[in-house]
Amino acid sequence: IVVVITDGKATTGITQSSRIIGEISKLNDNISLYVLGTHGRANGYLLDMLSFCNRGEQIIVTSGRWDIPQAIERLVASCKDPILGRIGITTDSSSKAELFPLPSANLYAGKPLTYYGACDDSTQKIVLQVRGEGGSAKCDIIFNIDLSTALKARTDLKAEWAKRKMHTLVGAYARTPSRELLLEMQRLSFETGLPIPYQGEF
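Scope of this entry: the structure provided in the associated data block. Predicted, not measured: the structure shown is a model, and the values here were computed from it. (Residues numbered from 1 in each chain as written. Predicted model: local features only at pLDDT ≥ 70, side-chain atom pairs only at ≥ 80, totals over all residues. Heavy atoms only, no water.)

Considerations on the environment of Leu36
- The residue Leu36 is located in strand 2 (residues 33–37) in this model.
- Separated by 63 residues in sequence, Leu36 and Leu99 place their C-alpha atoms 27 Å apart.
- With residues near it in sequence (within four places) discarded, Leu36 still touches Val4, Ile5, Thr6, Ile59, Val61, Ile68, Ala71, Ile72 and Leu75. (Helix = DSSP H or I, 4+ residues; strand = E, 2+ residues; numbered from the N terminus. Contact = heavy atoms within 4.5 Å.)

So, in structure tokens, the structure goes:
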């Protein structure tokens, strides 16, 4: 677990945000990257995608320098009790379910690990495998989810799923830009009315 405290402005060496995100993410084997921006003018795209693509979180302090110490404490507290790293999720192929966000955050004590999923209306069952590593131990658990008895979803659930999918696509594009990912973002935006975040950055 690495905590980075930065003004969020790249001034020497590689300075293009997408390239920084991509190069660090490709080199990273198993580091969770937590990032704190020290002022409101920090590059939100860089800090958000850098932490998201590397299984971490980011905080940008907008209220002034005197609040930086408390923000550091909050950020460190959110990752101080790791349980499982290298979290991966897989669903059965027959359900055609899509779960986001990806890559998955890691699992910490006292902190829920939340995914948003979508599947066809006709799907009655989803088999979900969650796997991870705790020290030298490799762990996994299988969930058999019966949708026929599921509660009626909140009205905002679809929008929340779309936000996570969009964020996943933007992160994937930041790591490895491609026309296919850009078209997928545009399709999702058209279908849901959701704007593409940070579009001016890439």
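A look at the sheet that holds strand 8 (residues 125–134)
- Spatial ordering of the open sheet is given by 6-4-8-9, a layout of 4 strands whose pairing is antiparallel. Each of the sheet's edge strands pairs with one partner strand only, and the pair in question is strand 6 (107–108) and strand 9 (137–146).
- Examined bridge by bridge, strand 4 (residues 82–91) and strand 8 share 5 bridges and lie antiparallel to one another. Bridging from a neighbouring strand, Ile89 pairs with Val130 of strand 8. (Pairing = 2+ DSSP bridges.)

With respect to the packing of aromatic side chains
- Evaluated as defined, the whole model comprises 5 aromatic pairs.
- Pairing Tyr34 with Tyr108 gives two aromatic rings, centres 6.2 Å apart and planes at 85°, and the pair type is edge-to-face. Of this pair, Tyr34 sits in strand 2 while Tyr108 sits in strand 6; the two residues are 74 residues apart in sequence, bridging distant segments of the chain.
- Judged by its relative accessible area of 4%, Tyr108 is buried.
- Plain terms: the ring middles of Tyr45 and Phe202 are 6.4 Å apart, the flat faces sit at 50° to each other, and that makes the pair tilted. In this pair, Tyr45 sits in helix 2 (residues 44–52) while Phe202 sits in the segment after helix 5 (179–192), placing the two residues 157 residues apart along the sequence.
- In textbook terms, an aromatic cluster arises when at least three aromatic residues are bridged by ring pairs, as seen for Tyr45, Tyr173, Tyr198 and Phe202. (Phe/Tyr/Trp six-rings, centres within 6.5 Å; stacked < 30°, edge-to-face > 60°. Buried < 20%, exposed > 50% of the residue type's maximum accessible area, 1.4 Å probe, protein only.)

Examining the environment of Gly13
- As for its position among the elements, Gly13 is in the loop between strand 1 (2–6) and helix 1 (17–27).
- The spacing of Gly13 and Ala118 is 105 residues in sequence and 41 Å in space, taken between C-alpha atoms.

Here we look at helix 4 (residues 157–175)
- Taking 1.5 Å per residue, 19 residues should reach 27 Å; helix 4 reaches 27 Å between its end C-alpha atoms and fits that length.
- All of the buried residues along helix 4 are Glu160, Trp161, Ala162, Lys165, Met166, Thr168, Leu169, Val170, Gly171, Ala172, Tyr173 and Ala174. (Expected span 1.5 Å × (residues − 1).)

Regarding the side chain of Asn54
- Tracing the chain through its elements places Asn54 in the loop between helix 2 and strand 3 (58–60).
- With residues near it in sequence (within four places) discarded, Asn54 still touches Ile24, Ser25, Asn28, Ile31, Ser32 and Leu33.

A few points about the pattern of salt bridges
- The final tally for this structure, using the stated rule, is 11 salt bridges.
- Of the charged contacts in the structure, one is a salt bridge between Arg86 and Asp29, with a shortest N-O distance of 3.0 Å. One end of the pair, Arg86, is in strand 4; the other, Asp29, is in the loop between helix 1 and strand 2, and 57 residues separate them in sequence.
- The exposed category is assigned to Asp29, whose relative accessible area is 59%. (Salt bridge = Lys/Arg side-chain N within 4 Å of Asp/Glu carboxyl O.)

A few points about the side chain of Asn28
- Mapped onto the elements, Asn28 comes out in the loop between helix 1 and strand 2.
- A distance of 2.7 Å separates a polar side-chain atom of Asn28 from the backbone nitrogen of Ile31. (Polar contact = N/O pair within 3.5 Å; in protein donor to acceptor, adjacent residues only side chain to side chain.)

Describing the nonpolar core
- The biggest cluster of nonpolar side chains holds 27 residues, and the ones touching the most others in it are Ile21, Tyr45, Met49, Met166, Val170 and Met185.
- Among the elements of the structure, helix 1, strand 2, helix 2, helix 4 and helix 5 are those that each provide at least two residues to this core.
- Here the element with the most residues in this core is helix 4; it accounts for 8 residues.
- In contact with Met185, not counting residues within four places along its chain, are Met166, Leu169, Val170, Tyr173, Ile196 and Phe202.
- Leu36, Val61, Ile68 and Tyr108 belong to the second-largest nonpolar core, a separate cluster that totals 9 residues. (Core = buried A, V, L, I, M, F, W, Y, C linked by side-chain atoms within 4.5 Å.)

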